[in-house]
Amino acid sequence: DEERYQLLSLWNETHTDYPSDKCIHQLFEEQVKRTPDAVAVVCSEQKLTYNELNCRANQLAHYLQKLGVKPEELVGICLERSLDMIVGLLAILKVGGAYVPIDPDYPQERISFMLQDTQVKIILTCESLQNSLPNHQTIVICLDKDWQQINQASPENLNSTVSADNLAYVIYTSGSTGKPKGVEVIHRSVNRLLFGVHYAHLDATQRFLQMAPIAFDASTFEIWGALLHGARCVIFTEDIPTATSLRNAIDKHGITILWLTAALFNKIIDDNSQALSGIKQLLIGGEALSVAHVHKALETLPLTQIINGYGPTESTTFTCCYPIPKQLEATIKSIPIGCPISNTQVYILDNYLQPVPIGVVGELHIAGAGLAKGYLN
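Every residue gets a number counted from 1 within its own chain, in the order that chain's sequence is written. Given that this is a predicted model, residues contribute local features only at a pLDDT of at least 70 and side-chain atom pairs are listed and counted only at 80 or more, while totals for whole chains, interfaces and linings are drawn from all residues. With hydrogens and water excluded, all non-hydrogen atoms of the structure serve as input to the side-chain values.

S.K.: If you had to explain helix α12 (residues 291–300) to someone new, which residues and values would you point to?
M.R.: Every α-helix carries 3.6 residues per turn, so stepping three or four residues along brings you back to the same face. Each residue's exposure class comes from its accessible area (1.4 Å probe, protein chains only) as a fraction of the maximum for that residue type: buried when under 20%, exposed when over 50%, partly exposed otherwise. Where helices and strands are cited, they refer to DSSP runs of H or I of at least four residues and of E of at least two residues respectively, numbered from the N terminus. When we look at burial in α12, the residues that qualify are Val-291, His-293, Val-294, Ala-297 and Leu-298. End-on, the buried residues of α12 take up no more than an arc of 160 degrees, which puts them together on one face. Residues of α12 that are exposed and angled more than 90 degrees away from the buried face: Ala-292 and Glu-299. Looking at the packing, one finds that the buried side of α12 touches α11 (262–272) and β13 (305–310). This arc describes the spread of directions from the helix axis toward the C-beta atoms. Working rule for contacts: check all heavy atoms of both residues, and any pair within 4.5 Å makes them a contact.

S.K.: I'd love a proper account of helix α2 (residues 24–34), names of residues and values included.
M.R.: Within the span of α2, buried status applies to Ile-24, His-25, Leu-27, Phe-28, Glu-29, Gln-31 and Val-32. Buried-residue contacts for α2 involve α3 (50–66), α4 (83–94), β7 (167–172), α8 (187–194) and α9 (218–227).

S.K.: Can you explain the pattern of salt bridges? Please cite residues and give values.
M.R.: Each salt bridge in this description consists of a side-chain nitrogen of Lys or Arg and a carboxyl oxygen of Asp or Glu lying within 4 Å of one another. Considering all chains together, one arrives at eight salt bridges under this definition. Here Glu-30 makes a salt bridge to Lys-22, at a shortest N to O gap of 3.0 Å. What makes Lys-22 partly exposed here is its relative accessible area of 27%. With a closest N to O distance of 2.5 Å, Asp-165 and Arg-188 form a salt bridge. Separated by 23 residues along the polypeptide, Asp-165 in the loop between α7 (147–150) and β7 and Arg-188 in helix α8 bring together distant segments of the chain. Judged by its relative accessible area of 23%, Arg-188 is partly exposed.

S.K.: Residue-level account of the environment of Pro-357, with values.
M.R.: Positionally, Pro-357 belongs in the loop between β16 (344–349) and β17 (363–368). Sequence separation of Pro-357 and Thr-316 is 41 residues, and the distance between their C-alpha atoms is 28 Å. Apart from residues lying up to four places away in sequence, Pro-357 is in contact with Glu-3 and Leu-7.

S.K.: Lay out the state of the cysteines in plain terms, naming residues and giving numbers.
M.R.: The disulfide criterion is simple: two cysteine sulfur atoms within 2.5 Å. According to the stated counting rule, one finds zero disulfides in the structure shown. For Cys-126, which is in no disulfide, the shortest distance to another cysteine sulfur is to Cys-142 and amounts to 6.9 Å. On the basis of relative accessibility, which here comes to 13%, the residue Cys-126 falls in the buried class. Summary of cysteine pairing: Cys-233 is not part of a disulfide, and the nearest cysteine sulfur, belonging to Cys-43, is at 9.5 Å.

S.K.: Now, about a nonpolar patch on the surface: what can you tell me, with residues and values included?
M.R.: The patches reported here contain residues having more than 30% relative accessible area and no salt bridge. Joining distances are 9 Å for like charges and 5 Å for nonpolar side chains (Val, Leu, Ile, Met, Phe, Trp, Tyr). We get accessible surface area from the Shrake-Rupley algorithm with a probe of 1.4 Å; when it comes to residues, only the shown protein chains can shield them. A cluster of nonpolar side chains, contributed by Tyr-5, Leu-10, Trp-11 and Ile-358, occupies part of the molecular surface with about 420 Å² of accessible area. Its place among the elements puts Ile-358 in the loop between β16 and β17.

S.K.: Describe unusual backbone geometry, listing the residues and the values that go with them.
M.R.: Excluding glycine, a negative phi dihedral is what most residues carry, and trans is how most peptide bonds are arranged. The residue Gln-119 is not glycine, and still its phi comes out positive at about 55 degrees. Note on placement: Gln-119 falls in the loop between α5 (108–118) and β5 (122–125). Among the residues examined, Gln-119 registers a relative accessible area of 52% and is labelled exposed. Within the chain, Thr-316 stands out as a residue other than glycine whose phi angle is a positive 55 degrees. You can call Thr-316 buried: its relative accessible area is 0%.

S.K.: Summarise the nonpolar core; cite the residues concerned and give the values.
M.R.: Throughout, nonpolar core names a set of buried Ala, Val, Leu, Ile, Met, Phe, Trp, Tyr and Cys residues whose side chains join them through atoms within 4.5 Å. Counting 74 residues, the largest nonpolar core has Tyr-199, Trp-224 and Leu-227 as its most contacted members. Per-element accounting of this core gives the leading share, nine residues, to α4. Apart from residues no more than four positions distant in its own chain, Trp-224 is found in contact with Ile-24, Leu-89, Leu-90, Leu-93, Tyr-99, Val-190, Leu-194 and Ser-219. Judged by nonpolar contacts, the second largest core, of 33 residues, contains Ile-250, Leu-258, Ala-275 and Val-291.

S.K.: Help me get a handle on the environment of Gln-65, residues and values and all.
M.R.: Structurally, Gln-65 is set in helix α3. Separated by 27 residues in sequence, Gln-65 and Ile-92 have C-alpha atoms that sit 9.5 Å apart. Residues contacting Gln-65, with those up to four places away along its chain left out, are Val-95 and Leu-158.

S.K.: Which residues make up the pairing of strand β8 (residues 182–186), and what values do they have?
M.R.: With five of five residues buried, β8 lies mostly within the body of the structure. Strands were regarded as paired on the criterion that DSSP finds at least two bridges between them. Across five bridges, the pairing between β7 and β8 is antiparallel. Bridge pairing in β8 places Val-170 opposite Glu-184.

S.K.: Lay out the environment of Cys-320 in plain terms, naming residues and giving numbers.
M.R.: Position of Cys-320 relative to the elements: it lies in strand β14 (residues 320–323). When the C-alpha atoms of Cys-320 and Gly-309 are compared, they prove to be 6.1 Å apart, with eleven residues separating the residues in sequence.

S.K.: Give a description of the packing of aromatic side chains that names residues and reports values.
M.R.: The geometry of an aromatic ring pair is captured by two quantities: the separation of the ring centres and the angle between the planes. For Phe, Tyr and Trp, rings pair up if their centres lie within 6.5 Å, where Trp contributes its six-membered ring, and each pair is then called stacked (planes under 30 degrees apart), edge-to-face (over 60) or tilted (otherwise). On inspection of all chains with the given rule, the structure shows eight aromatic pairs. For the ring pair Phe-113 and Tyr-172, a centre distance of 6.3 Å and an interplane angle of 85 degrees mean the geometry is edge-to-face. A residue pair is termed long-range when its members are at least 10 positions apart, and Phe-113 in helix α5 and Tyr-172 in strand β7 qualify at 59 residues. Tyr-172 gets classed as buried once you look at its relative accessible area, which sits at 5%. We call a charge positioned over a ring when the NZ of a Lys or the CZ of an Arg lies within 6 Å of the ring centre and within 35 degrees of the ring normal. The residue whose ring lies beneath Arg-56 is Trp-147, and the NZ or CZ to ring-centre distance is 5.0 Å. Directly above the aromatic system of Tyr-375 lies the positively charged group of Lys-181, at a separation of 5.1 Å from the ring centroid.

Structure (structure tokens):
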């Protein structure tokens, strides 16, 4: 009984307060009021303050509203990492829609499948990518070419009728089990990822490097982790990160917080681990971590807190996190994924969905506020 209590209750007491009744764009608008002149987004030599970003997103949102975008309507966005990409995401949320990120590098077949599956009526893109979209029956808005028209719209905040239970985005899984599936994530799930949490320190002093493609949900953490806390979101402009290009970006912009896939982490540690020396909080995930690379990183990056972050798209970016201690036992065979983050529960169950005792192998089951609404269709 004691062990059962420990497994089901004690280890899952993760409740903390977070804004469970607000939408992502409402939290952003509150931040704009607090720090209108702070820099929100940087891309190469361009930058937007919180107020400038808000006004531009409002103009696009009003424009989308005139085109008939309704609450919970899916809107495609096919853009490289850029200021326009951030404006587009925010505008879709402000008009009450949910964004469907389409990676321009995806094969045509996958893009066609996503357009068919989501039945999006509108896609935000740019002139250079317009022709890479397959034939479809959607309205295409090129944010670069059409901006003069969009610019006529009001820069004022919209009266939003959506709630924290409404869809924020649909991100497609890799399709490793057959067909890709659209994971439907609501506003509240994103708030649970970013507020009242202990796995990382998120506040206005942070500078995030935005490296993940928007079709990968690490971008949820990078973009909204910055913009809902008054921090700075710096967009990484190179296609393929190397130790040198990463180091240049980190040094130039004073990046403090970074998310890397395990494979990229291994490569940077092999090539030049000092490239990451300015980072205060380094989150790694996507697959099991290499113990040897973690050992090397702990030796060469004494001022960096390294965090193993685990979670499927279906549970909004992170489910469990493990802040790796500065001294790892020499005999450790694998890096743990740690404990459930705030407002999240995990259970290890057998084939009959009963808890297994501590130390016994079972299957991981996830619950809590980060859980997606379901799969589209």
